[in-house]
Structures are given as structure tokens and as C-alpha cells.
Number of protein chains: 4
Amino acid sequence: MQLNFDSPKPIYLQMVDEVKKALARGELLPGTKIPSHKERAQMSQVNPNTVQRAYQEMEREGLTETLRGQGTFIKNDPAMLLRIRSEMAQAAVQQFIEEMDGLGIEPTEMETMLKNQLYKGTKGG
Amino acid sequence: MQLNFDSPKPIYLQMVDEVKKALARGELLPGTKIPSHKERAQMSQVNPNTVQRAYQEMEREGLTETLRGQGTFIKNDPAMLLRIRSEMAQAAVQQFIEEMDGLGIEPTEMETMLKNQLYKGTKGG
Amino acid sequence: MQLNFDSPKPIYLQMVDEVKKALARGELLPGTKIPSHKERAQMSQVNPNTVQRAYQEMEREGLTETLRGQGTFIKNDPAMLLRIRSEMAQAAVQQFIEEMDGLGIEPTEMETMLKNQLYKGTKGG
Amino acid sequence: MQLNFDSPKPIYLQMVDEVKKALARGELLPGTKIPSHKERAQMSQVNPNTVQRAYQEMEREGLTETLRGQGTFIKNDPAMLLRIRSEMAQAAVQQFIEEMDGLGIEPTEMETMLKNQLYKGTKGG
DNA sequence: GTGGTCTAGACCACT
DNA sequence: GTGGTCTAGACCACG
């Protein structure tokens, strides 16, 4: 859970994204209980109000469900996980292409630069 | 020059990025005069002060230079263009990889998804 | 914090200089919280935006750091203090020499005039 | 005649100062005709209006006098030269001391730093 | 309450 | 008309 306090992106949205990523990575399993906003707040050095806003947003997006008095849980919906992973990945790819295209960089150069960055330091056999 | 007024990214920084992109694409030539902040403000439906802040930031980053009472000009520094293009491209690649990595996606899948998105609709021989 | 509203030097830069001087004098300790821009604005009879611009400039120069929602703090970097003191003093010496040289005044006379002004009223033994 | 177009100090005042310095240095003799504002404007890459304002200011300060149809002349007043030189030098000394004092630098250190800067590179016997 | 962005409109020096 | 500074006041995210 890494937050960038200087980013213009609101912290509560960064937190939502981090949860989504953990889901996509399979680190957060459906049905899991997530920390209370007070716990989470201490862990992330953030104000409890901010965590609560993040939790609200997740609930709104259908990622979690809250059981009165028991806490907040990742929804037990396997389809959702795949959907999220696919959505976020598509979005990242799309944004990358648009950014590079905006710089006037051709598809072939996009691939080359990506490979260079991915496999740099892996030189030779 | 497309601005997203709903983005958390400040408008003045979006404007700086747009100029950088135009430079990278070779659409904005060194030495060119850019519109006064009042003109730009009208063109972009934005307050002149916001434009000025963008221009100030560009000056600070060494993209432009100002001639008192005459206007603001793209710096005549060919090295700068290459530097900007390379910097921005590197940043985009880096961000893409981190985002995908955060989703638990392997390098090979990154490449595949990128190609799919780039060449979709180009099917067949 | 004395500001000269008639000076051609922008107020926000005067404010930055005042902070630098206080740092150089050791009156502003690293880690100290400085007044919010609204407080400072009231204290200095200046618009809050002007103060903020000064604070922004200080941040940009690495003098301060900002904690979202908590305020602005002098950076805890001892090396910075020395650097600033030395930079500002060098600049003052340099400017003095150039000014005097422009008047056709020789180094020995510079020294004499400086001493006279420094120790006037301390006459005799 | 060196002008700094980025300085917050108005250009016309910079021009006045340059003339005063030339007077103090003895390079501009009393009675000398100075260039018309059009000539001066071309020489200094400055708008004629700006030169005119500078000339007005000099006239106002009693440095020059204008002879209808003949041009502008340095006043033939030997006392004035000494006065200007002394005034400007005093002002420079005073400003230097205040600046250094503002940085918490002691008189002895002022002298040392001045000497270091004046005679650096003159090492040895 | 704290910093950050934005709008609106004024004044100034310079071309 | 061009950039630079300043004021006044609004809204937002965060604590």
C-alpha cells in the first residue's frame, strides 16, 4: 500500500486503486475481511476520515460489502476479480498508447522501448 | 490542446504537458512565438492567470524564453527537444510497467496486450 | 519580516529572502513550522495568495517541505543552512564589488569606505 | 551600458544609473552631448520611449540639461560629479552592510569576505 | 484550519 | 497589446 502524498490524485482514490491491484494480483481473496478504517489509518499514516472515504468508494463500486458490526469484506464474486484485472490492464495499455502517440512515437518504437526497459540488465546469454 | 477540467491534474500542468508533446512531435518549432496568455486563455476557455502560470512553469523548466513586451518564445535549443521527448517517453514506459506490475502482470503478457491493442482490427495477412 | 511595498522587487521574493536571512542568522531552526499563508498574510498585511506564492518558491528552492493539511516546515537539512548563508553572502559581496567597480572605485578604497562606515562613531582609543 | 531585462528594476532607471556611473568614473565629462533618444534606443536595443523616460528622469535629478533643438547635455557642474560618486558609493556600502548584517555576519567577517573576493587569484608574493 | 488550484479584475513596465 | 505582480474570493482534498 504505497501512497503518494504529492500526487494530485486524491489519496482515497489511490487507496481504492491499491486494493484493486491487490485483488488483481490475487493477494486479497474474496470474502477476506479488510482492516477497520482505524487500523488501516494507523498502518498507512493517514487520517481515518480518508480511509473511510476510500471504503465508501469501494462499496459504491461493488468491490466490498459491509456487515453491520462485523466489518468490511471483499465481495465473494469471482467474476469481479477478472473484470477488475482486465479493466485496469486495458486502461493502462490504453493510456500508455495514447501518451506515446501524443509524443509522436510509432507502435514499433513503443514495443522497442518497452522491451528495452523490461529486459535491461538482462543482457546476453 | 485538449484540457480535461475534471482531471485531478492541475490545468496549468496539463497545458505544460501539451506544449511538451507538441515539441516532441515536432509540431512546435524552436524559436516559434506562442500565443499571449490572453489569446491562449480565450482559445482554451481558461482564465489568463492560469495560462500565465503554465507559461511561468515552462520558463522555469527552460522550455521557453520571454522577451519583455514582445511575447513568449520556444527556446532555440535543439538538444532540449530530444531531451523532452526522451524524458517523457521514458516516464510513460516506466509508469506503464509499474502499473502492470502492480496488477501482477508478467512482462510477456505486457507485450502481448500492448500488441493486441496496437494492431487490433489489422487482422490477417 | 519587513517588506518594502514600493520596491520594484516583488513582495513574494522579498518574503523568500527574509526567510533565507532568518535561516542564515539561525533564528529559524530546521524542522520549525512556519505560519500558514493565512496567518502570515494577516501578520504582513498582504494577500494570502502572495504568501502562498512565496511559500511555493521556497518549496521549489528546497528550503521547506509541505505536509498535506498540516502545514509548511523548514527542511531539516543542516547543509542547506550553510549553503544559503554562504550563497547569499557571496552574492552580496559580488554585487558590492561590481557596484563599486562600476563607479571606478579601487579595491583599497572599497575597504576603506567599508571600514569607515562600519566603525564610524567608534573613534579613537 | 549593460541592461538587465530580467531585473525587476525598471530599465529606464537602470539607464539612469549607468549614466551616473559613467559620470562617477569620469568617462562622461560635464558639458558632453549625450546621444538622442533615438540613437541611444538603437544602441541599447531598447524602445525610444524607454530612453526618453530615462532622459526625463536625469533632467529631473539635475544631471542633464536640454537645449532646444541641440540635444541633451551633461550639466557643467563639477560639484555634482563628486556628489553623485559619493552618494552612490555610500549607498552601495550601506546596502552591503545591511545585507550582510541581515545574514548575521559580523563586521570582521564582512572585511574578510570582501578581501577574499577582491584578491582571490592574487595568491602568494 | 492547511495547502493547492482557479477565476476575475486591477495596475505596472515595456513595445 | 505583452508579460508580471497583486488583490479578492471561491472550491477542493486533507487533518
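You'll find chain A entered in an unreviewed UniProt entry as GntR family transcriptional regulator, with Paenibacillus gansuensis given as the organism.

Trainee: Can you walk me through the interface of chain C and chain D in this structure?
Mentor: A common way to express how large an interface is: the accessible area buried when the components associate. Listed by partner, the interface residues are 34 residues for chain C and 34 residues for chain D. Across the chain C/chain D interface, buried area totals approximately 3,100 Å², and carbon plus sulfur atoms make up 67% of it. Looking only at chain C, the three residues that lose the most surface to chain D are C:Arg85, C:Leu103 and C:Leu114, adding up to 19% of its buried area. In this assembly, chain C and chain D are joined by 6 salt bridges.

Trainee: Even after reading the chapter, I still don't get the relation of the copies chain B and chain A, so can you show me in this structure?
Mentor: What relates the pair of chain copies is a rotation about an axis plus a shift along that axis. Note on the identical chains: chain B maps onto chain A by a rotation of 180° and an axial translation of 0.1 Å, with an RMSD of 0.3 Å. What the rotation and shift describe, once combined, is the action of a two-fold rotation axis. In this assembly, 100% of the residues forming the interface of chain B have copies in chain A that are likewise at the interface, indicating an isologous arrangement.

Trainee: I'm lost on the sheet that holds strand β1 (residues 33-34) of chain D in this one. Help?
Mentor: Hydrogen bonds along the backbone pair up the strands of a sheet, which may run parallel or antiparallel. All names here are of chain D. The 3 strands lie next to each other as β1-β3-β2, forming an open sheet whose pairing is antiparallel. Single-partner strands in this sheet number two, and they are β1 and β2 (64-67). Sheet strands touched by helix α3 (residues 48-60): β1, β2 and β3 (71-74). Its angle to β2, the strand with the most contacts, is close to 110°.

Trainee: I'm lost on the interface of chain B and chain A in this one. Help?
Mentor: The interface of chain B with chain A comprises 34 residues on the first partner and 34 residues on the second. Buried area between chain B and chain A, both sides added, is near 3,100 Å², and the carbon and sulfur share of it is 67%. If you sort the residues of chain B by the area they bury against chain A, B:Arg85, B:Leu103 and B:Leu114 come out on top, with a joint share of 19%. Applying the counting rule to chain B against chain A returns 6 salt bridges. A salt bridge links A:Glu109 to B:Arg85, with the shortest nitrogen-to-oxygen separation between them at 2.9 Å. Taken together, chain B and chain A are joined by 8 residue pairs in polar contact (both at pLDDT 80 or more). Contributing elements (two or more residues each) for the side of chain B that touches chain A: α1 (11-24), α4 (78-102) and α5 (107-119) of chain B. Element by element, the count of residues in the side of chain B that touches chain A is highest for α4(B), at 14 residues. Classifying every residue of the side of chain B that touches chain A gives 18 nonpolar, 7 polar and 9 charged.

Trainee: Can you walk me through the protein's contact with DNA strand E in this structure?
Mentor: As a matter of local geometry, DNA strand E sits amid 26 residues, with B:Ile11, B:Asn47, B:Thr50, D:Ile11 and D:Thr50 nearest to it. Taking all atoms of DNA strand E within 4 Å of the protein, the share assigned to sugar and phosphate is 70%. Note that a base nitrogen of DNA strand E is positioned 3.4 Å from one of the side-chain N or O atoms of C:Gln52. Side-chain polar atom of C:Gln56 to a phosphate oxygen of DNA strand E: 3.5 Å apart, as the coordinates give it. Counting only elements with at least two residues in the surface near DNA strand E, the list comes to α1 and α3 (48-60) of chain B, α2 (37-44), α3 (48-60) and β3 (71-74) of chain C together with α1 (11-24) of chain D.

Trainee: Looking at this structure, how should I read the relation of the copies chain C and chain D?
Mentor: In the superposition of chain C on chain D (RMSD 0.3 Å, axial shift 0.1 Å), the rotation amounts to 180°. When the interface residues of chain C are mapped onto chain D, 100% of them again lie at the interface, so the same face is used by both copies.

Trainee: Looking at this structure, how should I read the packing of aromatic side chains?
Mentor: To describe a pair of aromatic rings, one takes the distance between the centres and the angle between the planes. As enumerated under the stated definition, the model contains 2 aromatic pairs over all chains in all. For the pair A:Phe96 and B:Phe96, a centre-to-centre distance of 4.5 Å together with 15° between the ring planes defines the contact as stacked. With one member in each of two chains, A:Phe96 in helix α4 (residues 78-102) and B:Phe96 in helix α4 form a pair that bridges those chains. Each member of the pair, A:Phe96 together with B:Phe96, is buried. In this structure, A:Arg53 packs its charged tip against the face of A:Tyr12, placed 5.6 Å from the ring centre.

Trainee: How should the pattern of salt bridges be read in this particular structure?
Mentor: Opposite charge on two side chains makes pairing possible when the charged atoms of those side chains draw close. Residue and element names in this part refer to chain B. Counting across every chain of the model gives 34 salt bridges over all chains. Its salt-bridge partner being glutamate 27, residue arginine 25 comes within 3.0 Å of it at the nearest N-O pair. We classify arginine 25 as partly exposed; its relative accessible area is 32%. Under the relative-accessibility criterion, glutamate 27 is labelled exposed at 54%.

Trainee: Looking at this structure, I do not really get the domain arrangement of chain A. What am I missing?
Mentor: Residue and element names in this part refer to chain A. Taken domain by domain, chain A consists of domain 1 (11-76) and domain 2 (79-119). Distance between the C-alpha centres of domain 1 and domain 2: 27 Å. Taken residue by residue, the interface counts 11 residues in domain 1 and 6 residues in domain 2. Both faces combined, the contact of domain 1 with domain 2 buries some 640 Å², and carbon together with sulfur accounts for 81% of it. Our count for the contact surface shared by domain 1 and domain 2 stands at 0 salt bridges. Taken together, the links from domain 1 to domain 2 amount to 0 residue pairs in polar contact (both at pLDDT 80 or more). Residue contributions to the side of domain 1 that touches domain 2 peak at 5 residues, all from helix α1 (residues 11-24). Taken together, the residues of the side of domain 1 that touches domain 2 sort by class into 5 nonpolar, 1 polar and 5 charged.

Conventions adopted
Residues numbered from 1 in each chain as written. Chains lettered and ligands numbered in written order. Predicted model: local features only at pLDDT ≥ 70, side-chain atom pairs only at ≥ 80, totals over all residues. Heavy atoms only, no water. Contact = heavy atoms within 4.5 Å. Buried area = accessible area lost by both parts, 1.4 Å probe. Salt bridge = Lys/Arg side-chain N within 4 Å of Asp/Glu carboxyl O. Least-squares fit on C-alpha atoms with pLDDT ≥ 70 in both. Pairing = 2+ DSSP bridges. Helix = DSSP H or I, 4+ residues; strand = E, 2+ residues; numbered from the N terminus. Axes fitted to C-alpha atoms, helices over the stretch in contact; angles between N-to-C directions. Polar contact = N/O pair within 3.5 Å; in protein donor to acceptor, adjacent residues only side chain to side chain. Nonpolar A, V, L, I, M, F, W, Y, C, P; charged D, E, K, R; others polar. Near = heavy atom within 4 Å. Phe/Tyr/Trp six-rings, centres within 6.5 Å; stacked < 30°, edge-to-face > 60°. Buried < 20%, exposed > 50% of the residue type's maximum accessible area, 1.4 Å probe, protein only. Lys NZ or Arg CZ within 6 Å of the ring centre and 35° of its normal. Domains from an automatic or database assignment.

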